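Listed below, chain by chain, are the residues.
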Amino acid sequence: MIKKNKIAAAIRHALIFAVAPTSALFTLTANAEEGVTEFESVTVTAEALKVDTPTKETPRSVSVISEEDLRKRAPQKLDEALRYTAGVTAQPYGSDNDTDWFKVRGFDAATYLDGNRLFRDGYYTWLIEPYGLQSVEVLKGPAGILFGESAPGGVVNAVQKKPTFTPQGEVRLELGNNNHQSIGFDIADNANEDGTVRYRLVGLVKSADGELNGTENERLYLAPSVEIDVSERTVLTLLATYLQDDGIPTNPFFPMAGTLTDSNFGSIDPETNLGQPDYDDYQRTQISVGYKLEHELNDIWTLNQSFNYGYNKLKLKSSYAFFNNNPAVSQLGQGLVYRDGDNQSISLDNNGVANWQSDNAEHMVLVGLDLQHHKTDGKEQDKYDFGVINPTNPVYGNFNPLDPQYNIDREIAKTQASVYSQYQLKLNEKFIASLGARYDWVKTENQGQGMKSATETVDQDFDRSDSEVSLSAGVMYLADNGLSPYASYSESFEVVSTIDAATNDIYKPLDGQQFEVGVKYEPAFIDGSLNVAWFDITQKNAMVTSGTSTVATQTGEISSQGVEVEAMVKPLDDVTLLASYTYIDAETDQTGGKGTKRPALIPEHQASAWVDYNARALIEGLNIGTGVRYVGESKDNPKSTNETIPSVTLWDASIAYDITPQWQAQLNVNNILDKEYVSGCDYWCYFGQSRSVMLNANYRW
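Residues numbered from 1 in each chain as written. Predicted model: local features only at pLDDT ≥ 70, side-chain atom pairs only at ≥ 80, totals over all residues. Heavy atoms only, no water.

Counted only if it meets this: UniProt positions are given in the numbering used here, feature names are shortened, and annotations may be inferred rather than shown by experiment.
If you look the protein chain up in an unreviewed UniProt entry, it shows as Ligand-gated channel from Vibrio hepatarius. Of the comments in the UniProt record for the protein chain, the one headed Subcellular location (unreviewed entry) reads "Cell outer membrane". UniProt annotates the protein chain under Sequence similarities (unreviewed entry) with the comment "Belongs to the TonB-dependent receptor family."

This is the structure we're talking about:
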C-alpha cells in the first residue's frame, strides 16, 4: 500500500508540474484571441522506429533532441546532450573524457548510430561527437522488437548529419575554460549540376583539459556522407565517421570518506587525481563505414537496407584509488586497468515497409531480417596491487608498473541473427493498434588465455547459444481535442558475455518487460505539446549475491516504476518553454542479503525547464536561453553503505547574437554558480561536472 501511495503521489505531482504552467500558458494564449487560432503542427519522426510514423501517433514514449537544441546548448559529449530529457539520468558518474554515462528509466540503454548498434564490451566503448549529429532519439523502455538484444532502458540513437538539398556551410571556432579549443566545419553542397548527387563533410579538431588535475584529451573527427538519387524511386546514402582521441583519462572514482561523508583528514578536492597522471594513457581510434539504401518498389512497398562496419581500437592505462568509507584511513591502495585491443562490428538490417488503405483504415506492415556480428580481441590486465596514494595530499610515483607477462589474451564474440515483423492499424483516423514479434538467435563466445599472476593461469573457452522471442503491442486513441491516450507492452533481452562463477558458464540473458500507459496532447489553440507516461519495467535473471558469499547467481530482479512528463509550448512567437519531470521508484534485491532496496545512482525525482527567448524586440539578432536542472536524492549501492546522496539544482544559460547574416557569436555557461556536488555513489562517489564556459564564433553561408 505504501508503494502504491508513493506512485499515486508522484503521478499527482507530475500532473501538477505539467498541467499548472502549461495550462496557464494555454489559457493566457487562448484568452488573448477572440476565437481559436489554429497552429501548424510540426511532425516529429524518429529513425529508431524504423517506420515513417509521427512520434505523436506512437503508443510509447520517444524523445527527440533536435539539431537546433544541440546547437543552442552546445554539448561536448552525448551524455551532456541528454540532460534535459525526461526519464534520463545523465552523467551519474560525473564528467568522464573517455566514456558517455547515462541511464534511462533506471536502467542502462544501448547506443546506436543511425540505427546500427555501437557494441560495448567493458572498456571498449564508442564515443559520439555531438557536432556531427543532426538529432538524438531516445526510445524509452525495452525495444527488443526493433533491435533484438539490448538493455531494458531503451535505445539512444544518434543520427549523423547527412546531405541537404539546399547548399550550406559553417566554420566554427570555440574557446572555453579548462583550455578548451576547437575548430570545426560543416559543408553541404551538390556534387553535380542537376543535384542528384549531394555530399556533406563535417570535421572537428579540439583539445581540452579534463576535470581532474593532469588529465587532457585531443580529438580529431571527420564525417563525410554522400547521397545519390539512383533513380526516382531509389536513394543510396553513403556514411562514414573517423574519430581519434589521445590523452590522459579522467578517472572519476573517489572514496566516500572525504567526499560524501567526513574524513579525519579533511575533504578531498574535486580536481584531485587519484590515479597516476604521468603513467596513465588513453588512445582511441574509431572508424565506421556504411550505407543506407531505400527503394520504393511500388505504391505500397518500400525496401530498406542498412549496413555498417565499425572498428574501435583502444589502448587504456587507467589507475584509480580503492573505495573507502572509513574516516580514519589516510592511505588508499591503487588498482590499474589495462586494455589494448580492438572491437569490430558488422551489422546488416534488411526490411520492407508496406503502406496501404482500405475503406476506413490505414495499414502498415514492417518485416525484416537483421544480422550482426561483434568481436573484441585484445590484451587485458587488472592489477590490484598497483600502489598507494593519500587522497587529501597525493604524491605521485609510488607504484609498481605493469608486467606484460601477466597480460591475458581475451577474445569475446557475439553473433545475432533475427527476423521481425510489426503490424500497425489506423482505423477511422481515430484508433491506432500495433502488434509485433521478433525471433533472435544469439551465440556468445568468451576465450581467455594467459598468466593472471606468478602462480595462477587463465585458460578459458566458453560459448553459449540462446534463442529469444520478443513481443510488443500498443493501442492509442486520437481524440478531436488533441488528446491521445495510449497503452503499450514491450520486451527486451540483454546478453551478458562474462562468466558465471556459480555455473562456470556464460551468464543467461537478462529478460526485461515494460508496461506503459500515457497520454499525448497537442492542443489546437496553441503551438505546444504535452506527454505524460506511467511505466513499469522489470528485469529478471539479474545477478545476486547473498550476505555470506561473493558468488553471484541469476535469481535477482530489478524493477522500476515511475512517471514522466515532457512539455513544449510557445506561449508567444518569440518564447519557447521546454519542461520535464521524472519520478522513478526503483527496487533491487542485489543487496548482499539486505532485502529489497533502492539501487545506486537513480534519483527518485528529476525536473528541468529551459526557456528560449528571441529578444529581437530588444536587439535584432539576440537570442537568450536559460535552464534549470533539478536532480533529486539518490542512494549508494545497497551492498555498500546505502548512504543518501543529496539533491542539487543547477543553472545553465546560453546567449547567441547574429552579428551579421553570416557571423554569429554564442556563449554557453553550464553550472553557472559552479556548485560542488556529488552526482552519485556506487561504492565509489563521483563529483558532478564543474562550471563550463564555452564561447564560439560561427561563419555560415
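Digging into the overall build of the protein chain
Inclusion rule: Helix and strand definitions here come from DSSP, where helices need a minimum of 4 consecutive H or I residues and strands a minimum of 2 consecutive E residues; each element is numbered from the N-terminal end. Radius of gyration here uses only the C-alpha atoms, and the compact-globule reference equals 2.2 Å multiplied by the residue count raised to the power 0.38. Burial here depends on accessible area, computed with a 1.4 Å probe over protein chains only, as a share of the maximum for the residue type. Under 20% is buried, over 50% is exposed, and the range in between is partly exposed. Should any heavy atoms of two residues lie within 4.5 Å, those residues are considered in contact. Charge counting follows a simple rule: Lys and Arg are positive, Asp and Glu are negative, and His as well as the terminal groups are ignored. By convention, charge coordinates are those of NZ in Lys, CZ in Arg, CG in Asp, or CD in Glu.
Looking only at helices and strands, one finds four helices and 36 strands in the protein chain. Since a compact globule built from 701 residues should have a radius of gyration of about 27 Å, the 25 Å found for the protein chain is in line with a globular shape. If one aligns the C-alpha atoms of the protein chain with their principal axes, the spans along those axes are about 75 × 65 × 60 Å. Burial status across the protein chain gives 54% buried among its 701 residues. Across the protein chain, contacts joining residues at least 24 apart in sequence account for 67% of those joining residues at least 6 apart. Of note, the protein chain has its 56 positive side-chain charges centred 3 Å away from the centre of its 96 negative side-chain charges.

A short note on the state of the cysteines
Which entries qualify depends on this criterion: In what follows, a disulfide is any cysteine sulfur pair within 2.5 Å.
The full count for this structure, using the stated rule, is one disulfide. With its sulfur 2.1 Å from that of its partner, Cys681 forms a disulfide with Cys685. Across the S-S bond linking Cys681 and Cys685, the dihedral sits near 105°, which makes this disulfide right-handed.

Thoughts on the pattern of salt bridges
Worth spelling out the cut-off: The working definition used for a salt bridge is a side-chain nitrogen of Lys or Arg within 4 Å of a carboxyl oxygen of Asp or Glu.
Enumeration over the complete set of coordinates arrives at 41 salt bridges. Close ionic contact of Asp612 with Lys72 constitutes a salt bridge, the shortest N to O distance being 3.4 Å. Placement of the pair is Asp612 in strand 28 (residues 605-614) and Lys72 in helix 2 (residues 67-73), with a sequence separation of 540 residues. A salt bridge links Glu429 to Lys426, with the shortest nitrogen-to-oxygen separation between them at 3.4 Å. Judged by its relative accessible area of 12%, Lys426 is buried. Linked through salt bridges whose partners overlap, the residues forming this network are Arg105, Lys140, Glu516, Glu564 and Glu566.

Examining a negative patch on the surface
To keep it simple, the criterion reads: Patch rule: a residue counts if its relative accessible area is over 30% and it has no salt bridge; like charges are joined within 9 Å, and nonpolar side chains (Val, Leu, Ile, Met, Phe, Trp, Tyr) within 5 Å. Residue burial considers only the protein chains on display, and all accessible areas are found by Shrake-Rupley using a 1.4 Å probe.
Side chains of Asp209, Glu216, Glu218 and Asp246 sit close together on the surface and give a patch of like negative charge. Mapped onto the elements of the fold, Asp246 is located in strand 13 (residues 234-248). Using a relative accessible area of 37% as the deciding quantity, one classes Asp246 as partly exposed.

Concerning the side chain of Thr588
Keep this limit in mind: Polar contacts, as used here, are pairs of N or O atoms within 3.5 Å; protein pairs need one atom able to donate a hydrogen and one able to accept it. Residues neighboring in sequence count only if both atoms are side-chain atoms.
By the element assignment, Thr588 lies in strand 27 (residues 575-588). Thr588 sits in the buried class, given a relative accessible area of 5%. Within the structure, Thr588 has its side chain in polar contact with the backbone nitrogen of Gln590 (distance 3.0 Å). Those residues within four positions of Thr588 in sequence are excluded, and the remaining contacts are Glu557, Ile558, Gly595, Thr596, Lys597, Arg598, Pro599 and Pro638.

What about the packing of aromatic side chains?
Geometrically, a pair of aromatic rings is defined through the distance of the ring centres and the angle of the planes. What counts here: Here is the rule: rings of Phe, Tyr and Trp (six-membered ring for Trp) pair when centre to centre is within 6.5 Å. Planes less than 30 degrees apart are stacked, more than 60 are edge-to-face, and the remainder are tilted. Only Lys NZ and Arg CZ are tested; either one counts as a charge over a ring when it is within 6 Å of the ring centre and within 35 degrees of the ring normal.
Using the criterion set out here, one finds 20 aromatic pairs in the structure. Here Tyr320 and Phe322 contribute two aromatic rings whose centre-to-centre distance is 6.0 Å and whose plane-to-plane angle is 65°, an arrangement assigned as edge-to-face. We classify Tyr320 as buried; its relative accessible area is 13%. Taking the relative accessible area as the measure of exposure, Phe322 reaches 26% and is therefore partly exposed. Measuring from centroid to centroid gives 5.1 Å for Phe323 and Trp684, while their planes differ by 85°, and the two rings are edge-to-face. Of this pair, Phe323 sits in the loop between strand 15 (301-321) and strand 16 (332-357) while Trp684 sits in strand 35 (residues 684-687); the two residues are 361 residues apart in sequence, bridging distant segments of the chain. Directly above the aromatic system of Phe147 lies the positively charged group of Lys50, at a separation of 5.0 Å from the ring centroid. Over the aromatic face of Trp610 sits the side chain of Arg73, whose NZ or CZ is 5.4 Å from the ring centroid.

Observations concerning unusual backbone geometry
Positive phi, normally seen in glycine, also occurs at Gln91, with a value near 55°. On the basis of relative accessibility, which here comes to 7%, the residue Gln91 falls in the buried class.

A look at the nonpolar core
Stated precisely, the cut-off is as follows: For this analysis, a nonpolar core means a set of buried residues of the types Ala, Val, Leu, Ile, Met, Phe, Trp, Tyr and Cys, connected via side-chain atoms within 4.5 Å.
In terms of nonpolar packing, the biggest core is built from 18 residues, with Leu78, Leu82, Phe102, Leu133, Val136, Val138 and Val156 touching the most fellow members. When contributions to this core are tallied by element, the ones reaching two or more residues are helix 3 (78-81), strand 3 (102-104), strand 7 (133-140) and strand 8 (154-160). The element contributing the most residues to this core is strand 7, with three residues. Residues contacting Val156, with those up to four places away along its chain left out, are Leu78, Leu82, Phe102, Val104, Ala109, Ala110, Thr111, Tyr112, Val136, Glu137 and Val138. Leu139, Leu146, Val155 and Leu366 belong to the second-largest nonpolar core, a separate cluster that totals 17 residues.

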